[in-house]
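# Geometric and topological summary
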Amino acid sequence: MAKIAPSLLSADFANLSEEIKKIEKGGADYLHLDVMDGIFVSNITFGPPVIKSLRKVTDMPFDVHLMIDKPERFIKNFAEAGADILTIHPEATIHLHKTIQEIKSFGIKAGVSLNPSTDLSVLNYIIEDLDLILIMTVNPGFGGQGFIETMMDKIKDLRNLIDQKGLDIILEVDGGVKLSNAKKLTDLGVDLLVAGSEVFGAEDIEQRTREFKLIIDK
Ligand code: DX5
Ligand code: ZN
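Everything numeric in this text was worked out from a predicted model, so none of it was measured. (Residues numbered from 1 in each chain as written. Chains lettered and ligands numbered in written order. Predicted model: local features only at pLDDT ≥ 70, side-chain atom pairs only at ≥ 80, totals over all residues. Heavy atoms only, no water.)

### Some details on empty space enclosed by the protein
We count it as follows: Using a 1 Å grid laid over the protein atoms alone, points where a 1.4 Å probe fits but cannot get out form a cavity; open sets with protein on both sides within 12 Å along at least 5 of 7 lines form a pocket; any residue with an atom within 4 Å of a point counts as lining. Grid points are joined across faces, edges and corners, and a volume is the space filled by probe spheres set on the points. Only DSSP runs of H or I covering at least 4 residues are called helices, and only runs of E covering at least 2 are called strands; the numbering of each starts at the N terminus. Ten residues, namely Ala, Val, Leu, Ile, Met, Phe, Trp, Tyr, Cys and Pro, are considered nonpolar, four, namely Asp, Glu, Lys and Arg, are considered charged, and the remaining ones, Gly among them, are considered polar.
By the definition in use, this model includes one cavity of 30 Å³ or more. For the largest cavity, the calculated volume is near 210 Å³. Along its surface, the largest cavity is lined by 25 residues, and V138, F142, G143, D174 and G175 are the ones closest to its centre. If you list the elements that add at least two residues to the lining of the largest cavity, you get β2 (31-36), β3 (62-67) and β8 (192-195). In terms of residue class, the lining of the largest cavity is built from 10 nonpolar, 12 polar and three charged.

As structure tokens, then:
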């Protein structure tokens, strides 16, 4: 059964704990936290101190998506702040294997996120070490962008790769996920859907979360 991870990027940053409570009541499975540094992507969000504070207001697992250059510099900080899953971009580090091992050394899940143009071959030799693979279905940096339809083939290819190898890896998709394409994605074998603007842009955030759950539970 697929799961939903609302992305806090589109939430009201002046009321984060209230926003989190709404998605929690709606049945969200994870909280997706987008960390941006203004270098790897042209936007800046928040870092370990904010995540550490949010850790106190919910028991939902934290799915932390690092869109930062040289993430190896901050693995310890994010692990200690309360990340349950720490996902890095191969485009941002020349030490992908080493950084994955470091994430796992903190006893948390390690993920790799691929930009739209990044080939699946970057997963060669490291896939067995991964707990999660995130396919970016927009170019990272901003919420509210349109889903890149050509990523459908990439999702299918990754599903086949994971299944052929018999691996237990969460296949996550992030960017442009809406109520209208959620079912199509879970039918392709996506395990975890990230949705930002579609959840936090809704009039009733709790109800919107519930609507996602109903669609993906089918
Ligand atoms: C984009 C972020 C996403 C973002 C998705 O770089 O990684 O998590 O919040 O936003 P929507 O769902 O609005 O496309
Ligand atoms: Zn994200």
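### Focus on the coordination of the zinc ion (ligand 2)
The criterion, for reference: For Na, K and Ca the donor cut-off is 3.2 Å; for every other metal, N, O and S atoms count as donors within 2.8 Å. Water does not enter the count, which can leave sites looking incomplete. Key to geometry: four donors with every angle between 85 and 135 degrees are tetrahedral; four donors are square planar and six octahedral where opposite donors lie over 155 degrees apart and all remaining angles lie between 65 and 115; all other sites are irregular. Burial classes: relative accessible area under 20% of the type maximum marks a residue as buried, over 50% as exposed, and values in between as partly exposed (1.4 Å probe, protein chains only).
Summarising the metal site, the zinc ion (ligand 2) is bound by the protein donors H32 (NE2), D34 (OD), H65 (ND1) and D174 (OD), whose distances to it range over 2.0 to 2.3 Å. Coordination geometry of the zinc ion (ligand 2): the six donor atoms subtend angles of 69 to 168 degrees at the metal centre, consistent with an arrangement described as octahedral. Overall, the relative accessible area of 0% leaves H32 in the buried class.

### Observations regarding the packing of helix α6 (residues 179-187) against helix α8 (residues 205-217)
Cut-off, in case you're wondering: Angles run from 0 to 180 degrees between N-to-C directions of axes, and those axes are lines fitted to C-alpha atoms, restricted for helices to the stretch in contact. In these notes the angle categories are as follows: under 35 degrees is roughly parallel, over 145 is roughly antiparallel, 65 to 115 is roughly perpendicular, and the rest is oblique. Crossings are classed by handedness, with left-handed meaning an anticlockwise turn of the near helix from the far one by less than a right angle and right-handed meaning a clockwise turn. Any two residues having at least one pair of non-hydrogen atoms within 4.5 Å are treated as being in contact.
Here α6 crosses α8 at 30 degrees, and the two axes come no closer than 9 Å. Taken together, the axis directions place α6 and α8 in an arrangement best described as roughly parallel. Crossing of α6 over α8 shows right-handed handedness. Seen from α6, the contacting residues are L179, A182, K183 and T186; seen from α8, they are R208, E211, F212, I215 and I216.

### Side note on the nonpolar core
What counts here: Take the buried residues of types Ala, Val, Leu, Ile, Met, Phe, Trp, Tyr and Cys, join any two whose side-chain atoms come within 4.5 Å, and each joined set is a nonpolar core.
Formed by 60 residues in total, the largest nonpolar core has its most connected members in L8, V64, L66, L86, L123, V173 and L185. Those residues in contact with L66, other than ones at most four positions away along the chain, are V35, P71, I75, F78, L86, T87, I88 and H89. Counting 10 residues, the second largest nonpolar core, distinct from the first, contains I85, M136, I170 and L192.

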